[in-house]
Amino acid sequence: MDTRSELQISGIGRSQGGSYSHVRTDGMAKINGNTECISLDSNGTLTIEGALTSETVSVNGTATVEGGLKTNRMVLDGMVSLKEHVVCQELLTVNGRLSVGRGLDGERVEIFGSLKTRDDVQCELLSVHGGFSIDGLLNAGLIDVKMNMPCKAQEIGGESITVRRLKKFSVLEQFVPALSAKLQAHTIEGDDIYLEHTEAEIVRGNDVIIGKGCRIGRVEYKNQLTQDEDSHIGAAYQI
Amino acid sequence: MNEEDLISKKELLELTGISYGQLYRWKRKNLIPEAWFVRRSSFTGQETFFPKDKILQRIERIKNMKDGLSLDELADVFSPSSHVESLSTQTLIKRNIVTSFAIELFEEEFGRQETLSFNDILTVYLLQKLLQSGEITREEGKMLVTVMRENYGALAAKPCELVLIRKMGVPLLFLAESAEQIYFDKDVKWIFRLSLAASIEELKLKLNNTEA
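Residues numbered from 1 in each chain as written. Chains lettered and ligands numbered in written order. Predicted model: local features only at pLDDT ≥ 70, side-chain atom pairs only at ≥ 80, totals over all residues. Heavy atoms only, no water.

### Section: the interface of chain A and chain B
Phase 1 of the analysis: Each partner contributes residues to the interface: chain A has 25 residues there, and chain B has 20 residues.
Phase 2 of the analysis: Taking both partners together, chain A and chain B bury about 1700 Å²; carbon and sulfur atoms supply 40% of that area.
Phase 3 of the analysis: Of all residues in chain A, Glu-159, Glu-189 and Arg-204 of chain A bury the most surface against chain B, accounting for 25% of the area lost on that side.
Phase 4 of the analysis: Connecting chain A to chain B are seven salt bridges.
Phase 5 of the analysis: A salt bridge links Glu-220 of chain A to Lys-10 of chain B; the shortest N-O distance between them is 3.3 Å.
Phase 6 of the analysis: The interface formed by chain A and chain B contains 13 residue pairs in polar contact (both at pLDDT 80 or more). (Contact = heavy atoms within 4.5 Å. Buried area = accessible area lost by both parts, 1.4 Å probe. Salt bridge = Lys/Arg side-chain N within 4 Å of Asp/Glu carboxyl O. Polar contact = N/O pair within 3.5 Å; in protein donor to acceptor, adjacent residues only side chain to side chain.)

Written out as C-alpha cells, the structure reads:
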C-alpha cells in the first residue's frame, strides 16, 4: 500500500523534498531537496533544489531543477532549465525552451522551440521544429529537423537524418547572418542523410542528398550522392 | 595504449561491413562502452578511434548473437550487472548451470542456501569452471568463495580480474580491479588470470538460454 502523501502548493510556498505520491504546484513554489513522486504537475514557477524522480512531469511556465532528472513521460510548456543529466524513458515533449546542463537520454524527443544541452543527446527519435544547440554528440535513430533558428551540434550520428529549413524567411537574418536558420556541425554520419542549409566539415553515409544552401568540406558515401546546384562540396569520395 | 592498437571508425566499418546507423544504434543501446570511443586528432580534424582487438571481437559477437536476442537482451549480456537477482539452488542444478558438487563446496563455507544472488551464482559458476579445468584445488576453491563474497560486492558492475598465483606451494588469490600488468619475482607461478566480464557474459547467456 502506498502511504506517501500528496504535496500541493498554491500561491507562494516552499517545501521540503522527499517522497510524495503526487506533487502539484500553482504559483511560485520551491522545493528544497531531492524529490521522488508518481507525478509532478506545475503551473507558474517551480524550483527544485535537488534531484527529481517522477513517472510523469508536466510543466506550464518556468521550472528549474538543480539536480538530475529521471522520468518516463515529460511535457514542458514554457522555459525549463535542468542543471544535471536528464533521462526520459518514453516521451519528452517541449513547447518552448529547454536547456540541459549535462546530457539527455531519451526515447522519443519532440521539440517545438529550442533545445540546448551541454553534453551528448541520445534517443531513438528526435524531431525538432525550431532549433537546437548540442555541445557534444547527437545520436538518434531517426533525426528529423525543421529549422527556423540556428542549429548547432559537434557531431551527429544516426540511421536516418533529415534536416530541412522551414519556408519562412525572416527579414532579420538577411542583416544578421548569425541568426539565420542553418545547421552547423563538424561531422554528420548516418545511413540516409538529407541536408539543407548545413555547414559541415565531414558528411559520411550510404545515401547522401546535399540540398540547397549547404557547404560541406568532404562527403564520403557508399551508394549514392545527390547534390543540389545551389550547394558547395569541397571533395566527394565514394567508399 | 599504442597507436597500432587503435582502429579508426572508417576502417572499422569497412572491415566489419556494418553501417554508421548500426554503430550508433549499438552505442545508444550500450552494447559498445563509451570508454572505447577514443578521440584523436587527424588530418580531417577530430576523429573517433577504437581499441582494435576489443571492438572487433565485440562486433563479431554482436553480429553472431543479434538474430537470436533483441538488442536490449544483448546489452544485458554485455553489461557487468544483471537483472537476474536470484535463483534457487535446485533450479541452478536442474538447469545444468552449475553442478551440485560446486554448490556443496560453496555451502560448506556459508551453510545451506535456498536461493543464491547473482553474485553468488557467479561465484559458484567460477568455482565450478576452475575446479573442472583442474586449475584450483578444493582448498583454493574455498578461498575463491571467500574472496568473492567479501570483495565482489564492492566491485560489482566494474570490470575486474581474478588472479591466482602460487609461491613455494602457497596459493594467493586476489581480485584486481585494474591491473594491466603485474610483475612478481621468479619463484611466483601464475596459475590463472581470469577476466570476470567474460565469465559474466558466459553465465548470462546460460541463464538466458535456459529461460527461453
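### Details of the packing of aromatic side chains
Phase 1 of the analysis: Here the structure, examined in full by the defined rule, presents two aromatic pairs over all chains.
Phase 2 of the analysis: Plain terms: the ring middles of Phe-37 of chain B and Phe-50 of chain B are 4.8 Å apart, the flat faces sit at 70 degrees to each other, and that makes the pair edge-to-face. One end of the pair, Phe-37 of chain B, is in the loop between helix 2 (20-28) and strand 2 (38-42); the other, Phe-50 of chain B, is in strand 3 (residues 45-51), and 13 residues separate them in sequence.
Phase 3 of the analysis: Residue Phe-37 of chain B is classed as buried on the basis of its relative accessible area of 12%.
Phase 4 of the analysis: The cationic tip of Arg-164 of chain A hangs over the ring face of Tyr-194 of chain A; the distance from NZ or CZ to the ring centre is 4.6 Å.
Phase 5 of the analysis: In this structure, Lys-27 of chain B packs its charged tip against the face of Phe-37 of chain B, placed 4.4 Å from the ring centre. (Phe/Tyr/Trp six-rings, centres within 6.5 Å; stacked < 30°, edge-to-face > 60°. Helix = DSSP H or I, 4+ residues; strand = E, 2+ residues; numbered from the N terminus. Buried < 20%, exposed > 50% of the residue type's maximum accessible area, 1.4 Å probe, protein only. Lys NZ or Arg CZ within 6 Å of the ring centre and 35° of its normal.)

### Focus on the environment of Pro-150 of chain A
Phase 1 of the analysis: By the secondary structure assignment, Pro-150 of chain A is in the loop between strand 7 (121-147) and strand 8 (151-165).
Phase 2 of the analysis: Leave out the neighbours within four places in its chain, and Pro-150 of chain A touches Gly-131, Phe-132, Ala-178, Leu-179, Ser-180, Ala-181 and Lys-182 of chain A.

### Quick look at the pattern of salt bridges
Phase 1 of the analysis: Enumeration over the complete set of coordinates arrives at 27 salt bridges over all chains.
Phase 2 of the analysis: Taking the shortest distance from any N to any O, the salt bridge between Glu-199 of chain A and Lys-182 of chain A comes out at 3.4 Å. With Glu-199 of chain A in strand 10 (residues 198-210) and Lys-182 of chain A in the loop between helix 1 (172-175) and strand 9 (183-195), this residue pair connects regions lying 17 residues apart in the sequence.
Phase 3 of the analysis: Of the residues examined, Glu-199 of chain A reaches a relative accessible area of 29% and is grouped as partly exposed.
Phase 4 of the analysis: Relative accessible area serves as the criterion here: at 24%, Lys-182 of chain A is assigned to the partly exposed category.
Phase 5 of the analysis: Taken together, the salt bridges that share partners define one network made up of Glu-189, Arg-204, Arg-218 and Glu-220 of chain A together with Lys-9, Lys-10 and Glu-47 of chain B.

### A word on the environment of Leu-173 of chain B
Residues and elements named next belong to chain B.
Phase 1 of the analysis: Mapped onto the secondary structure, Leu-173 falls in strand 7 (residues 170-176).
Phase 2 of the analysis: Once the C-alpha coordinates of Leu-173 and Glu-140 are considered, the two residues, 33 residues apart in sequence, prove to be 8.0 Å apart.
Phase 3 of the analysis: If near-sequence neighbours (up to four positions away) are discounted, Leu-173 is found in contact with Met-143, Leu-144, Val-147, Val-163, Leu-164 and Phe-192.

### Some details on the nonpolar core
Phase 1 of the analysis: Core analysis: the largest hydrophobic core is formed by 61 residues, its most contacted members being Phe-132 and Ile-188 of chain A.
Phase 2 of the analysis: Counting residues per element, this core draws most heavily on strand 7 of chain A, which supplies 11 residues.
Phase 3 of the analysis: Not counting residues within four places of it along the chain, the set of residues in contact with Ile-188 of chain A comprises Ile-156, Ile-161, Leu-183, Ile-193, Leu-195, Thr-198, Ala-200, Ile-202, Val-203 and Arg-204 of chain A.
Phase 4 of the analysis: The next biggest cluster of nonpolar side chains, apart from the first, holds 36 residues, and it includes Leu-105, Leu-127, Phe-192 and Leu-207 of chain B. (Core = buried A, V, L, I, M, F, W, Y, C linked by side-chain atoms within 4.5 Å.)

### Structural notes on helix 3 (residues 52-65) of chain B
Residues and elements named next belong to chain B.
Phase 1 of the analysis: The end-to-end C-alpha separation of helix 3 is 20 Å, in line with the 20 Å expected for 14 residues at 1.5 Å each.
Phase 2 of the analysis: What helix 3 keeps buried is the set Ile-55, Arg-58, Ile-59, Ile-62 and Met-65. Within helix 3, the buried residues cover an arc of 140 degrees as seen down the axis, which keeps them to one side. For helix 3, exposure combined with an orientation more than 90 degrees from the buried face picks out Asp-53, Gln-57 and Asn-64. (Expected span 1.5 Å × (residues − 1). Arc of directions from axis to C-beta.)

### Focus: the side chain of Thr-198 of chain A
All names here are of chain A.
Phase 1 of the analysis: Along the chain, the position of Thr-198 falls in strand 10.
Phase 2 of the analysis: A polar atom in the side chain of Thr-198 sits 2.9 Å from the backbone oxygen of Glu-196.
Phase 3 of the analysis: Among all residues touching Thr-198, those that are not within four sequence positions of it are Val-163, Leu-183, Ile-188, Gly-213, Cys-214, Arg-215 and Ile-216.

### Digging into the layout of surface pockets
Remark: the empty space left among the atoms is shown by a probe the size of a water molecule rolled over them.
Phase 1 of the analysis: Roughly 500 Å³ of volume is contained in the second largest pocket.
Phase 2 of the analysis: Asp-105 and Gln-122 of chain A together with Arg-28, Lys-29 and Asn-30 of chain B are the residues nearest the centre of the second largest pocket, which is lined by 20 residues in total.
Phase 3 of the analysis: When residues of the lining of the second largest pocket are traced back to their parent elements, those giving at least two are strand 5 (86-100), strand 6 (104-117) and strand 7 of chain A together with helix 2 and helix 4 (71-78) of chain B.
Phase 4 of the analysis: Classifying every residue of the lining of the second largest pocket by side-chain character gives six nonpolar, five polar and nine charged. (1 Å grid on protein atoms, 1.4 Å probe; cavity = no way out; pocket = protein on both sides within 12 Å on 5 of 7 lines; lining within 4 Å. Points joined across faces, edges and corners; volume = space filled by probe spheres on them. Nonpolar A, V, L, I, M, F, W, Y, C, P; charged D, E, K, R; others polar.)

### Description of the packing of helix 6 (residues 100-110) of chain B against helix 7 (residues 118-132) of chain B
All names here are of chain B.
Phase 1 of the analysis: Where helix 6 contacts helix 7, the two axes come as close as 9 Å, and the packing angle between them is 120 degrees. Judged by the sense of rotation from one axis to the other, the crossing of helix 6 with helix 7 is right-handed. Here Phe-101, Ala-102, Ile-103, Leu-105 and Phe-106 of helix 6 lie close against helix 7, whose contacting residues are Asp-120, Thr-123, Val-124, Leu-127, Gln-128 and Leu-131.
Phase 2 of the analysis: Across the contact of helix 6 with helix 7, the residue classes tally to eight nonpolar, two polar and one charged. (Axes fitted to C-alpha atoms, helices over the stretch in contact; angles between N-to-C directions. Left-handed = near helix turned anticlockwise from the far one by under 90°.)

### As for the sheet that holds strand 3 of chain B
All names here are of chain B.
Phase 1 of the analysis: Taken together, the three strands give an open sheet; going across it, the order is 1-3-2, and neighbouring strands pair in antiparallel fashion. In this open sheet, the two strands that pair with only one neighbour each are strand 1 (6-8) and strand 2. With direction set aside, neighbouring strand axes in the sheet form an average angle of 45 degrees.
Phase 2 of the analysis: Contacting strand 1 and strand 3, helix 3 crosses the sheet at an angle of about 70 degrees to strand 3. (Pairing = 2+ DSSP bridges.)

Read these as layout, nothing more, since geometry by itself doesn't imply function.
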